[in-house]
Amino acid sequence: MEILSSSTVPCRFAVSLRSILSENASSSCLLKIPASRERRMLVARTEHSSGSLRLSGFDKLFFKNLNLEESLRSADALGGLRNGDSKVFSGSYSIGRGEVVGRITENGESLNKVLISELPDESNGEHSAPISSCFWEWKPKLHVHYEKAGCENVKSPSVLFLPGFGVGSFHYEKQLKDLGRDYRVWAIDFLGQGMSLPVENPTLLSREGVTPEGRKDSIWGFGDEIEPWANELVFSMDLWRDQVQYFVEEVIGEPVYVVGNSLGGFVALYFAASNPQLVKGVTLLNATPFWGFLPNPIRSPRLAKIFPWSGTFPLPANVRKLTEFFWQKISDPKSIAEILKQVYTDHSTNIDKVFSRIIEITQHPAAAASFASIMFAPQGQLSFRETLARCKVSNIPICLMYGKEDPWVKPFWGLQVKQQVPEAPYYEVSPAGHCPHDEVPEVVNYLLRGWIKNLESQGSVALPLIDDAEAVQNSTAWDLEFAREGSKKSVSVRFFGPKFSIWDIFSSYINSQFGKLNPNTVGP
(Lines give C-alpha, C1' and ligand atoms only; values in the text may rest on other atoms or scores of the structure.)
Protein backbone atom coordinates (compact mmCIF):
# COMPACT_ATOMS: atom_id res chain seq x y z
CA MET A 1 0.00 0.00 0.00
CA GLU A 2 1.08 3.60 -0.43
CA ILE A 3 2.04 5.68 2.58
CA LEU A 4 0.44 9.09 2.50
CA SER A 5 1.67 12.37 3.93
CA SER A 6 0.30 15.89 4.16
CA SER A 7 0.42 19.04 6.15
CA THR A 8 -1.36 19.38 9.46
CA VAL A 9 -5.07 19.09 8.70
CA PRO A 10 -8.02 17.76 10.67
CA CYS A 11 -7.86 13.98 10.94
CA ARG A 12 -10.43 12.44 8.59
CA PHE A 13 -10.98 8.94 7.26
CA ALA A 14 -12.77 8.04 4.03
CA VAL A 15 -14.28 4.90 5.47
CA SER A 16 -16.39 2.31 3.69
CA LEU A 17 -18.79 -0.30 5.13
CA ARG A 18 -21.01 2.11 7.04
CA SER A 19 -18.25 3.20 9.41
CA ILE A 20 -18.98 6.23 11.52
CA LEU A 21 -16.82 9.33 11.48
CA SER A 22 -16.51 11.67 14.40
CA GLU A 23 -14.09 14.46 15.22
CA ASN A 24 -13.34 16.43 18.34
CA ALA A 25 -11.34 19.45 19.35
CA SER A 26 -8.19 17.44 20.10
CA SER A 27 -7.96 16.26 16.48
CA SER A 28 -8.88 12.73 17.53
CA CYS A 29 -10.90 10.37 15.41
CA LEU A 30 -13.13 7.62 16.72
CA LEU A 31 -13.62 4.96 14.09
CA LYS A 32 -16.42 2.49 14.71
CA ILE A 33 -16.67 -0.65 12.66
CA PRO A 34 -20.06 -2.39 12.29
CA ALA A 35 -20.63 -5.00 14.95
CA SER A 36 -20.08 -8.68 14.22
CA ARG A 37 -22.76 -11.32 14.54
CA GLU A 38 -22.04 -11.35 18.26
CA ARG A 39 -23.32 -7.73 18.29
CA ARG A 40 -20.01 -6.48 19.57
CA MET A 41 -18.73 -3.06 18.46
CA LEU A 42 -15.02 -2.91 17.84
CA VAL A 43 -13.49 0.49 18.31
CA ALA A 44 -10.17 1.91 17.17
CA ARG A 45 -8.99 5.28 18.30
CA THR A 46 -6.43 7.30 16.42
CA GLU A 47 -4.82 10.44 17.72
CA HIS A 48 -3.15 13.03 15.52
CA SER A 49 -0.36 15.10 16.96
CA SER A 50 3.05 16.48 16.00
CA GLY A 51 2.67 15.57 12.36
CA SER A 52 2.46 11.81 13.00
CA LEU A 53 -0.27 9.25 13.37
CA ARG A 54 -0.28 7.41 16.67
CA LEU A 55 -2.56 4.41 17.00
CA SER A 56 -4.12 3.45 20.30
CA GLY A 57 -7.25 1.74 21.57
CA PHE A 58 -7.99 -1.92 21.02
CA ASP A 59 -4.31 -2.79 20.64
CA LYS A 60 -3.91 -1.23 17.20
CA LEU A 61 -5.50 -4.10 15.36
CA PHE A 62 -7.34 -4.40 12.09
CA PHE A 63 -11.05 -4.84 12.30
CA LYS A 64 -13.49 -7.01 10.46
CA ASN A 65 -14.25 -6.10 6.84
CA LEU A 66 -12.20 -2.90 7.01
CA ASN A 67 -10.55 -2.04 3.68
CA LEU A 68 -7.77 0.19 4.94
CA GLU A 69 -6.41 1.14 1.55
CA GLU A 70 -9.77 2.58 0.54
CA SER A 71 -10.03 4.28 3.91
CA LEU A 72 -6.68 6.01 3.53
CA ARG A 73 -6.83 6.78 -0.17
CA SER A 74 -6.96 10.55 0.14
CA ALA A 75 -3.70 12.40 0.79
CA ASP A 76 -5.37 14.71 3.30
CA ALA A 77 -6.74 11.77 5.29
CA LEU A 78 -3.66 11.72 7.52
CA GLY A 79 -1.66 14.37 9.20
CA GLY A 80 1.64 12.98 7.98
CA LEU A 81 3.55 9.77 8.60
CA ARG A 82 7.19 9.89 9.57
CA ASN A 83 9.58 6.98 9.63
CA GLY A 84 10.66 6.06 13.10
CA ASP A 85 7.64 7.21 15.10
CA SER A 86 4.83 6.05 12.86
CA LYS A 87 2.89 2.81 13.12
CA VAL A 88 1.52 1.71 9.79
CA PHE A 89 -1.05 -0.93 9.01
CA SER A 90 -0.32 -3.01 5.94
CA GLY A 91 -0.74 -6.52 4.64
CA SER A 92 -3.70 -8.74 3.86
CA TYR A 93 -7.06 -9.27 5.45
CA SER A 94 -8.59 -12.63 6.16
CA ILE A 95 -12.26 -13.49 6.21
CA GLY A 96 -14.26 -15.10 8.94
CA ARG A 97 -16.50 -13.97 11.75
CA GLY A 98 -14.88 -11.51 14.11
CA GLU A 99 -11.28 -11.71 12.89
CA VAL A 100 -9.29 -9.21 10.90
CA VAL A 101 -5.69 -9.81 9.94
CA GLY A 102 -2.97 -7.24 9.45
CA ARG A 103 0.63 -6.40 10.00
CA ILE A 104 1.76 -3.55 12.21
CA THR A 105 5.18 -1.99 11.66
CA GLU A 106 6.50 -0.41 14.82
CA ASN A 107 9.84 1.36 14.69
CA GLY A 108 11.01 -0.81 11.83
CA GLU A 109 10.01 -4.13 13.45
CA SER A 110 7.30 -6.36 12.04
CA LEU A 111 4.55 -7.52 14.36
CA ASN A 112 1.69 -9.75 13.25
CA LYS A 113 -1.56 -9.49 15.16
CA VAL A 114 -5.11 -10.74 14.82
CA LEU A 115 -8.17 -9.82 16.80
CA ILE A 116 -10.48 -12.83 17.01
CA SER A 117 -13.97 -13.30 18.34
CA GLU A 118 -14.61 -14.20 21.93
CA LEU A 119 -16.86 -17.11 22.80
CA PRO A 120 -20.59 -16.34 22.78
CA ASP A 121 -21.56 -14.85 26.14
CA GLU A 122 -25.07 -15.99 26.96
CA SER A 123 -25.20 -13.71 30.01
CA ASN A 124 -25.06 -10.76 27.61
CA GLY A 125 -27.76 -12.17 25.39
CA GLU A 126 -25.37 -13.49 22.75
CA HIS A 127 -26.53 -16.51 20.84
CA SER A 128 -24.82 -19.85 21.30
CA ALA A 129 -25.80 -23.18 19.82
CA PRO A 130 -27.95 -25.29 22.16
CA ILE A 131 -26.47 -28.69 23.04
CA SER A 132 -28.48 -31.91 23.07
CA SER A 133 -27.39 -34.94 25.10
CA CYS A 134 -28.25 -38.28 23.49
CA PHE A 135 -27.62 -42.02 23.66
CA TRP A 136 -27.16 -44.43 20.75
CA GLU A 137 -27.32 -48.19 21.23
CA TRP A 138 -24.52 -49.58 19.15
CA LYS A 139 -24.62 -53.15 20.45
CA PRO A 140 -26.75 -54.91 23.08
CA LYS A 141 -26.00 -53.37 26.51
CA LEU A 142 -23.51 -50.94 24.95
CA HIS A 143 -24.96 -47.45 24.78
CA VAL A 144 -22.82 -44.62 23.42
CA HIS A 145 -23.37 -41.17 24.88
CA TYR A 146 -22.90 -38.20 22.59
CA GLU A 147 -23.72 -34.52 22.41
CA LYS A 148 -24.71 -32.59 19.33
CA ALA A 149 -25.32 -29.01 18.23
CA GLY A 150 -26.16 -27.17 15.05
CA CYS A 151 -28.14 -29.98 13.44
CA GLU A 152 -30.34 -27.35 11.79
CA ASN A 153 -27.33 -26.36 9.67
CA VAL A 154 -28.22 -29.04 7.15
CA LYS A 155 -26.12 -27.54 4.35
CA SER A 156 -23.01 -27.14 6.49
CA PRO A 157 -20.15 -29.62 6.97
CA SER A 158 -20.27 -32.14 9.82
CA VAL A 159 -17.59 -32.05 12.51
CA LEU A 160 -16.98 -34.86 15.00
CA PHE A 161 -14.90 -34.34 18.18
CA LEU A 162 -13.17 -37.24 19.92
CA PRO A 163 -12.11 -36.80 23.58
CA GLY A 164 -8.94 -37.65 25.41
CA PHE A 165 -8.50 -40.30 28.08
CA GLY A 166 -10.53 -39.85 31.26
CA VAL A 167 -12.91 -37.21 29.91
CA GLY A 168 -15.82 -37.19 27.49
CA SER A 169 -17.97 -35.09 25.20
CA PHE A 170 -18.33 -32.48 27.95
CA HIS A 171 -14.72 -31.46 27.27
CA TYR A 172 -15.87 -29.98 23.94
CA GLU A 173 -18.70 -27.84 25.29
CA LYS A 174 -16.95 -24.65 24.11
CA GLN A 175 -16.70 -26.04 20.58
CA LEU A 176 -20.29 -27.27 20.48
CA LYS A 177 -21.73 -23.94 21.61
CA ASP A 178 -19.57 -21.86 19.29
CA LEU A 179 -18.96 -23.95 16.17
CA GLY A 180 -22.50 -25.31 16.38
CA ARG A 181 -23.66 -21.92 15.11
CA ASP A 182 -22.01 -22.65 11.76
CA TYR A 183 -21.65 -26.42 11.44
CA ARG A 184 -23.29 -29.67 12.40
CA VAL A 185 -21.23 -30.72 15.40
CA TRP A 186 -21.01 -33.92 17.42
CA ALA A 187 -18.85 -35.10 20.32
CA ILE A 188 -18.91 -38.67 21.62
CA ASP A 189 -17.82 -40.53 24.73
CA PHE A 190 -15.67 -43.59 24.05
CA LEU A 191 -17.03 -46.85 25.42
CA GLY A 192 -15.57 -47.41 28.87
CA GLN A 193 -15.27 -43.67 29.50
CA GLY A 194 -17.45 -40.67 30.23
CA MET A 195 -21.16 -41.45 30.11
CA SER A 196 -20.56 -44.42 27.79
CA LEU A 197 -19.67 -46.64 30.74
CA PRO A 198 -21.92 -49.72 30.64
CA VAL A 199 -24.59 -49.84 33.31
CA GLU A 200 -25.14 -53.58 33.41
CA ASN A 201 -22.44 -55.68 35.04
CA PRO A 202 -20.76 -57.96 32.47
CA THR A 203 -19.86 -60.52 35.15
CA LEU A 204 -21.62 -62.72 37.69
CA LEU A 205 -20.46 -64.68 40.70
CA SER A 206 -20.12 -68.43 40.19
CA ARG A 207 -22.20 -70.86 42.22
CA GLU A 208 -19.48 -70.97 44.85
CA GLY A 209 -19.61 -67.21 45.11
CA VAL A 210 -23.34 -66.89 45.77
CA THR A 211 -24.03 -64.66 48.76
CA PRO A 212 -25.96 -65.92 51.82
CA GLU A 213 -28.97 -64.01 50.55
CA GLY A 214 -28.83 -66.04 47.34
CA ARG A 215 -27.73 -63.13 45.12
CA LYS A 216 -25.10 -63.57 42.43
CA ASP A 217 -24.11 -59.91 42.25
CA SER A 218 -20.49 -58.76 42.26
CA ILE A 219 -18.48 -55.60 42.05
CA TRP A 220 -18.73 -54.40 38.45
CA GLY A 221 -16.36 -56.49 36.34
CA PHE A 222 -15.01 -58.43 39.35
CA GLY A 223 -17.25 -61.48 39.08
CA ASP A 224 -16.27 -64.99 38.09
CA GLU A 225 -18.45 -65.61 35.05
CA ILE A 226 -18.91 -63.52 31.92
CA GLU A 227 -22.30 -62.53 30.55
CA PRO A 228 -22.79 -63.56 26.88
CA TRP A 229 -23.20 -59.97 25.68
CA ALA A 230 -19.79 -59.03 27.12
CA ASN A 231 -17.85 -61.95 25.70
CA GLU A 232 -14.46 -60.68 24.45
CA LEU A 233 -15.40 -57.11 25.40
CA VAL A 234 -12.28 -54.98 25.89
CA PHE A 235 -12.03 -51.21 25.82
CA SER A 236 -9.30 -50.93 23.19
CA MET A 237 -8.17 -48.86 20.23
CA ASP A 238 -9.79 -51.32 17.84
CA LEU A 239 -13.12 -51.06 19.66
CA TRP A 240 -13.05 -47.25 19.61
CA ARG A 241 -12.12 -47.18 15.93
CA ASP A 242 -15.11 -49.37 15.12
CA GLN A 243 -17.33 -47.32 17.45
CA VAL A 244 -16.48 -44.13 15.56
CA GLN A 245 -16.99 -45.83 12.19
CA TYR A 246 -20.49 -47.03 13.00
CA PHE A 247 -21.39 -43.74 14.67
CA VAL A 248 -20.49 -41.81 11.53
CA GLU A 249 -22.33 -44.27 9.30
CA GLU A 250 -25.49 -44.71 11.39
CA VAL A 251 -25.90 -41.45 13.31
CA ILE A 252 -24.20 -38.71 11.28
CA GLY A 253 -24.75 -40.33 7.90
CA GLU A 254 -22.08 -38.50 5.89
CA PRO A 255 -18.30 -37.97 5.79
CA VAL A 256 -16.99 -35.76 8.58
CA TYR A 257 -14.18 -33.55 9.69
CA VAL A 258 -12.87 -35.40 12.71
CA VAL A 259 -11.03 -33.60 15.52
CA GLY A 260 -9.24 -35.43 18.33
CA ASN A 261 -7.36 -34.41 21.45
CA SER A 262 -4.72 -36.66 23.06
CA LEU A 263 -6.04 -40.25 22.85
CA GLY A 264 -8.86 -38.93 20.67
CA GLY A 265 -6.28 -37.71 18.17
CA PHE A 266 -4.81 -41.18 17.76
CA VAL A 267 -8.28 -42.69 17.42
CA ALA A 268 -9.17 -40.03 14.83
CA LEU A 269 -6.16 -40.99 12.71
CA TYR A 270 -6.82 -44.71 13.19
CA PHE A 271 -10.43 -44.28 12.12
CA ALA A 272 -9.45 -42.15 9.12
CA ALA A 273 -6.73 -44.57 8.00
CA SER A 274 -9.21 -47.45 8.14
CA ASN A 275 -12.18 -45.58 6.63
CA PRO A 276 -10.92 -42.83 4.29
CA GLN A 277 -14.28 -42.70 2.52
CA LEU A 278 -15.88 -41.38 5.74
CA VAL A 279 -13.38 -38.60 6.42
CA LYS A 280 -13.06 -35.12 4.91
CA GLY A 281 -10.15 -34.10 7.13
CA VAL A 282 -8.43 -34.76 10.46
CA THR A 283 -7.35 -32.19 13.04
CA LEU A 284 -4.96 -33.32 15.77
CA LEU A 285 -4.92 -31.46 19.08
CA ASN A 286 -1.82 -32.65 20.96
CA ALA A 287 -2.47 -36.19 19.79
CA THR A 288 -0.76 -38.92 21.79
CA PRO A 289 1.58 -40.84 19.44
CA PHE A 290 1.18 -44.19 21.22
CA TRP A 291 -1.40 -46.15 23.15
CA GLY A 292 -1.39 -49.59 24.71
CA PHE A 293 1.38 -51.76 26.11
CA LEU A 294 0.40 -55.28 25.07
CA PRO A 295 0.86 -56.60 21.50
CA ASN A 296 -2.11 -56.74 19.16
CA PRO A 297 -3.34 -60.37 18.76
CA ILE A 298 -4.00 -59.94 15.03
CA ARG A 299 -0.75 -58.21 14.27
CA SER A 300 1.44 -60.33 16.59
CA PRO A 301 -0.53 -63.50 17.48
CA ARG A 302 2.41 -65.46 18.87
CA LEU A 303 3.66 -62.63 21.03
CA ALA A 304 0.15 -61.89 22.28
CA LYS A 305 -0.22 -65.45 23.60
CA ILE A 306 2.56 -64.80 26.10
CA PHE A 307 0.25 -62.49 28.04
CA PRO A 308 -2.51 -64.39 29.84
CA TRP A 309 -4.89 -61.42 30.10
CA SER A 310 -5.49 -58.48 27.78
CA GLY A 311 -8.29 -56.38 29.20
CA THR A 312 -11.28 -58.68 28.87
CA PHE A 313 -13.84 -59.38 31.60
CA PRO A 314 -13.91 -60.65 34.27
CA LEU A 315 -10.73 -59.23 35.75
CA PRO A 316 -8.32 -61.89 37.09
CA ALA A 317 -7.98 -62.02 40.88
CA ASN A 318 -4.45 -60.58 40.93
CA VAL A 319 -5.49 -57.74 38.61
CA ARG A 320 -8.44 -56.89 40.87
CA LYS A 321 -6.16 -56.21 43.83
CA LEU A 322 -3.84 -54.12 41.67
CA THR A 323 -6.79 -52.22 40.22
CA GLU A 324 -8.26 -51.46 43.64
CA PHE A 325 -4.92 -50.12 44.87
CA PHE A 326 -4.20 -47.86 41.90
CA TRP A 327 -7.78 -46.75 41.44
CA GLN A 328 -7.94 -45.51 44.99
CA LYS A 329 -4.92 -43.31 44.27
CA ILE A 330 -5.88 -42.15 40.78
CA SER A 331 -9.52 -41.36 41.53
CA ASP A 332 -8.70 -39.26 44.58
CA PRO A 333 -9.87 -35.66 43.97
CA LYS A 334 -6.47 -34.33 45.01
CA SER A 335 -4.77 -36.48 42.37
CA ILE A 336 -7.21 -35.35 39.69
CA ALA A 337 -6.70 -31.70 40.64
CA GLU A 338 -2.93 -32.14 40.41
CA ILE A 339 -3.17 -33.73 36.96
CA LEU A 340 -5.35 -30.89 35.69
CA LYS A 341 -2.86 -28.41 37.09
CA GLN A 342 -0.16 -30.08 35.01
CA VAL A 343 -2.01 -30.14 31.70
CA TYR A 344 -3.46 -26.60 31.88
CA THR A 345 -0.72 -24.02 31.49
CA ASP A 346 -2.91 -21.03 32.28
CA HIS A 347 -4.05 -21.65 35.83
CA SER A 348 -6.57 -18.84 35.56
CA THR A 349 -8.62 -21.06 33.24
CA ASN A 350 -11.86 -22.08 34.91
CA ILE A 351 -11.82 -25.88 35.03
CA ASP A 352 -14.35 -26.35 37.82
CA LYS A 353 -16.86 -27.99 35.48
CA VAL A 354 -14.23 -30.30 33.97
CA PHE A 355 -13.06 -31.27 37.46
CA SER A 356 -16.57 -32.03 38.72
CA ARG A 357 -17.44 -34.10 35.62
CA ILE A 358 -14.28 -36.19 35.99
CA ILE A 359 -15.09 -36.79 39.67
CA GLU A 360 -18.58 -37.85 38.65
CA ILE A 361 -17.17 -40.38 36.18
CA THR A 362 -14.83 -41.91 38.78
CA GLN A 363 -17.82 -42.63 41.02
CA HIS A 364 -19.55 -44.77 38.38
CA PRO A 365 -19.69 -48.49 39.43
CA ALA A 366 -17.99 -49.50 36.17
CA ALA A 367 -15.16 -46.96 36.34
CA ALA A 368 -12.48 -49.02 38.13
CA ALA A 369 -12.81 -52.21 36.08
CA SER A 370 -13.12 -50.21 32.86
CA PHE A 371 -9.90 -48.38 33.74
CA ALA A 372 -8.14 -51.74 34.15
CA SER A 373 -9.49 -52.96 30.82
CA ILE A 374 -8.19 -49.83 29.07
CA MET A 375 -4.76 -50.06 30.69
CA PHE A 376 -4.31 -53.74 29.78
CA ALA A 377 -5.95 -53.57 26.35
CA PRO A 378 -3.71 -54.49 23.40
CA GLN A 379 -2.36 -51.93 20.99
CA GLY A 380 -4.20 -51.15 17.78
CA GLN A 381 -3.46 -53.03 14.60
CA LEU A 382 -1.73 -49.91 13.22
CA SER A 383 0.89 -47.75 14.90
CA PHE A 384 0.58 -43.97 14.96
CA ARG A 385 3.12 -43.60 12.15
CA GLU A 386 1.32 -46.23 10.07
CA THR A 387 -2.00 -44.42 10.43
CA LEU A 388 -0.34 -41.20 9.29
CA ALA A 389 1.20 -42.97 6.31
CA ARG A 390 -2.15 -44.44 5.26
CA CYS A 391 -3.89 -41.09 5.60
CA LYS A 392 -1.20 -39.54 3.43
CA VAL A 393 -1.64 -42.23 0.74
CA SER A 394 -5.41 -41.64 0.85
CA ASN A 395 -4.90 -37.86 0.49
CA ILE A 396 -6.77 -37.14 3.70
CA PRO A 397 -6.12 -33.52 4.73
CA ILE A 398 -4.50 -33.19 8.16
CA CYS A 399 -4.18 -30.12 10.34
CA LEU A 400 -2.01 -29.92 13.48
CA MET A 401 -2.77 -27.67 16.46
CA TYR A 402 -0.51 -28.24 19.41
CA GLY A 403 -0.21 -26.49 22.74
CA LYS A 404 3.46 -25.64 23.14
CA GLU A 405 3.60 -26.03 26.94
CA ASP A 406 2.12 -29.55 27.01
CA PRO A 407 4.11 -31.49 29.66
CA TRP A 408 3.11 -34.86 28.16
CA VAL A 409 2.90 -34.53 24.38
CA LYS A 410 5.71 -32.03 23.96
CA PRO A 411 6.22 -30.00 20.74
CA PHE A 412 8.77 -32.60 19.63
CA TRP A 413 5.94 -35.05 18.96
CA GLY A 414 3.92 -32.57 16.96
CA LEU A 415 6.94 -31.69 14.85
CA GLN A 416 7.56 -35.38 14.26
CA VAL A 417 4.09 -35.57 12.74
CA LYS A 418 4.81 -32.46 10.72
CA GLN A 419 7.97 -34.04 9.29
CA GLN A 420 6.01 -37.11 8.19
CA VAL A 421 3.23 -35.04 6.56
CA PRO A 422 5.03 -31.76 5.68
CA GLU A 423 2.09 -30.45 3.68
CA ALA A 424 -0.11 -30.40 6.81
CA PRO A 425 -0.51 -26.93 8.36
CA TYR A 426 1.02 -26.88 11.83
CA TYR A 427 -0.10 -24.30 14.40
CA GLU A 428 1.90 -24.11 17.63
CA VAL A 429 -0.09 -22.30 20.31
CA SER A 430 1.52 -20.65 23.33
CA PRO A 431 0.80 -20.48 26.16
CA ALA A 432 -1.32 -23.62 25.98
CA GLY A 433 -0.95 -27.09 27.43
CA HIS A 434 -2.30 -30.54 26.66
CA CYS A 435 -5.90 -29.43 26.04
CA PRO A 436 -5.72 -26.29 23.88
CA HIS A 437 -9.37 -26.62 22.82
CA ASP A 438 -10.47 -26.05 26.41
CA GLU A 439 -7.69 -23.73 27.53
CA VAL A 440 -7.78 -21.38 24.52
CA PRO A 441 -11.02 -22.36 22.72
CA GLU A 442 -11.20 -18.97 21.04
CA VAL A 443 -7.96 -19.74 19.18
CA VAL A 444 -8.74 -23.36 18.33
CA ASN A 445 -12.25 -22.49 17.10
CA TYR A 446 -10.84 -19.67 14.96
CA LEU A 447 -8.24 -21.96 13.38
CA LEU A 448 -10.74 -24.77 12.84
CA ARG A 449 -13.19 -22.46 11.10
CA GLY A 450 -10.46 -21.17 8.83
CA TRP A 451 -9.10 -24.60 8.00
CA ILE A 452 -12.54 -25.99 7.17
CA LYS A 453 -13.30 -22.96 4.99
CA ASN A 454 -10.02 -23.49 3.16
CA LEU A 455 -10.90 -27.11 2.38
CA GLU A 456 -14.55 -26.47 1.56
CA SER A 457 -13.55 -23.71 -0.86
CA GLN A 458 -10.91 -25.97 -2.43
CA GLY A 459 -8.21 -23.47 -1.53
CA SER A 460 -9.89 -20.28 -2.73
CA VAL A 461 -10.09 -19.16 0.91
CA ALA A 462 -6.63 -18.89 2.45
CA LEU A 463 -5.57 -20.88 5.46
CA PRO A 464 -5.96 -18.97 8.73
CA LEU A 465 -3.09 -16.57 9.48
CA ILE A 466 -1.63 -16.99 5.99
CA ASP A 467 -1.51 -13.79 3.96
CA ASP A 468 0.72 -14.73 1.03
CA ALA A 469 2.15 -17.70 -0.85
CA GLU A 470 5.57 -17.38 0.78
CA ALA A 471 4.08 -17.62 4.27
CA VAL A 472 2.29 -20.83 3.31
CA GLN A 473 5.63 -22.45 2.52
CA ASN A 474 7.68 -21.18 5.44
CA SER A 475 6.83 -20.12 8.96
CA THR A 476 5.30 -17.06 10.54
CA ALA A 477 4.20 -16.00 14.00
CA TRP A 478 1.13 -14.10 15.14
CA ASP A 479 -0.34 -12.69 18.31
CA LEU A 480 -4.02 -13.56 18.61
CA GLU A 481 -5.97 -11.32 20.95
CA PHE A 482 -9.48 -11.81 22.23
CA ALA A 483 -11.75 -10.82 25.08
CA ARG A 484 -12.70 -13.19 27.87
CA GLU A 485 -14.87 -12.34 30.86
CA GLY A 486 -14.31 -8.64 30.42
CA SER A 487 -10.54 -8.72 30.04
CA LYS A 488 -8.14 -9.06 27.12
CA LYS A 489 -5.99 -12.12 26.56
CA SER A 490 -3.18 -12.70 24.09
CA VAL A 491 -1.88 -15.98 22.69
CA SER A 492 1.02 -16.54 20.32
CA VAL A 493 0.46 -18.82 17.35
CA ARG A 494 3.33 -19.92 15.13
CA PHE A 495 2.57 -21.45 11.76
CA PHE A 496 4.98 -23.94 10.19
CA GLY A 497 4.68 -24.50 6.44
CA PRO A 498 6.12 -27.35 4.33
CA LYS A 499 9.53 -25.67 4.17
CA PHE A 500 9.97 -25.22 7.91
CA SER A 501 13.50 -25.91 9.09
CA ILE A 502 15.37 -26.91 12.21
CA TRP A 503 16.30 -23.26 12.56
CA ASP A 504 12.60 -22.37 12.73
CA ILE A 505 12.21 -24.79 15.63
CA PHE A 506 15.35 -23.55 17.35
CA SER A 507 14.45 -19.87 16.95
CA SER A 508 10.95 -20.55 18.26
CA TYR A 509 12.43 -22.16 21.35
CA ILE A 510 14.95 -19.35 21.89
CA ASN A 511 12.24 -16.75 21.47
CA SER A 512 9.93 -18.48 23.94
CA GLN A 513 12.70 -18.79 26.51
CA PHE A 514 14.47 -15.46 26.18
CA GLY A 515 12.11 -13.17 24.30
CA LYS A 516 10.35 -12.28 27.51
CA LEU A 517 13.57 -10.68 28.78
CA ASN A 518 13.01 -7.88 26.27
CA PRO A 519 9.45 -6.52 26.47
CA ASN A 520 9.76 -5.07 22.96
CA THR A 521 10.64 -8.43 21.39
CA VAL A 522 7.85 -9.81 19.23
CA GLY A 523 7.51 -12.45 16.58
CA PRO A 524 10.20 -14.96 15.62
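Note that this is a predicted model, so its numbers are computed, not measured.

Basis of the calculations
Residues numbered from 1 in each chain as written. Predicted model: local features only at pLDDT ≥ 70, side-chain atom pairs only at ≥ 80, totals over all residues. Heavy atoms only, no water. Axes fitted to C-alpha atoms, helices over the stretch in contact; angles between N-to-C directions. Helix = DSSP H or I, 4+ residues; strand = E, 2+ residues; numbered from the N terminus. Parallel < 35°, antiparallel > 145°, perpendicular 65-115°, else oblique. Contact = heavy atoms within 4.5 Å. Nonpolar A, V, L, I, M, F, W, Y, C, P; charged D, E, K, R; others polar. Left-handed = near helix turned anticlockwise from the far one by under 90°. Phe/Tyr/Trp six-rings, centres within 6.5 Å; stacked < 30°, edge-to-face > 60°. Buried < 20%, exposed > 50% of the residue type's maximum accessible area, 1.4 Å probe, protein only.

Draft legend 1. Just the packing of helix H6 (residues 317-330) against helix H9 (residues 367-376), in detail. The geometry of H6 relative to H9 is characterised by a closest axis approach of 10 Å and an angle of 105° between their N-to-C directions. Comparing the axis directions of H6 and H9 gives the class roughly perpendicular. Residue-level contacts link Val 319, Leu 322, Thr 323, Trp 327 and Ile 330 of H6 to Ala 367, Ala 368, Phe 371, Ala 372 and Phe 376 of H9. Grouping the constituent residues of the contact of H6 with H9 by class yields nine nonpolar, one polar and no charged.

Draft legend 2. Quick peek at the packing of helix H10 (residues 384-393) against helix H11 (residues 411-420). At their nearest, the axes of H10 and H11 sit 10 Å apart, and the two run at 35° to each other. Crossing hand, H10 versus H11: right-handed. Facing H10, whose interface residues are Phe 384, Arg 385, Leu 388, Ala 389 and Lys 392, H11 presents Gln 416, Val 417 and Gln 420. The class makeup of the residues in the contact of H10 with H11 is four nonpolar, two polar and two charged.

Draft legend 3. Summary view of the packing of aromatic side chains. One pass over the full model with this rule turns up 20 aromatic pairs. Judged by centre distance (5.6 Å) and plane angle (70°), the rings of Trp 136 and Phe 247 are edge-to-face. Remark: Phe 247 occurs in helix H3 (residues 237-252) and Trp 136 occurs in strand E7 (residues 132-139); sequence separation between them is 111 residues. The exposure classification of Trp 136 matches that of Phe 247, with both residues buried. On the basis of an interplanar angle of 35° and a centroid distance of 4.8 Å, the ring pair of Phe 161 and Tyr 172 is categorised as tilted. Here the residue Phe 161 occupies a position in strand E9 (residues 158-162), and Tyr 172 occupies one in the loop between E9 and helix H2 (173-179), the gap between them amounting to 11 residues.

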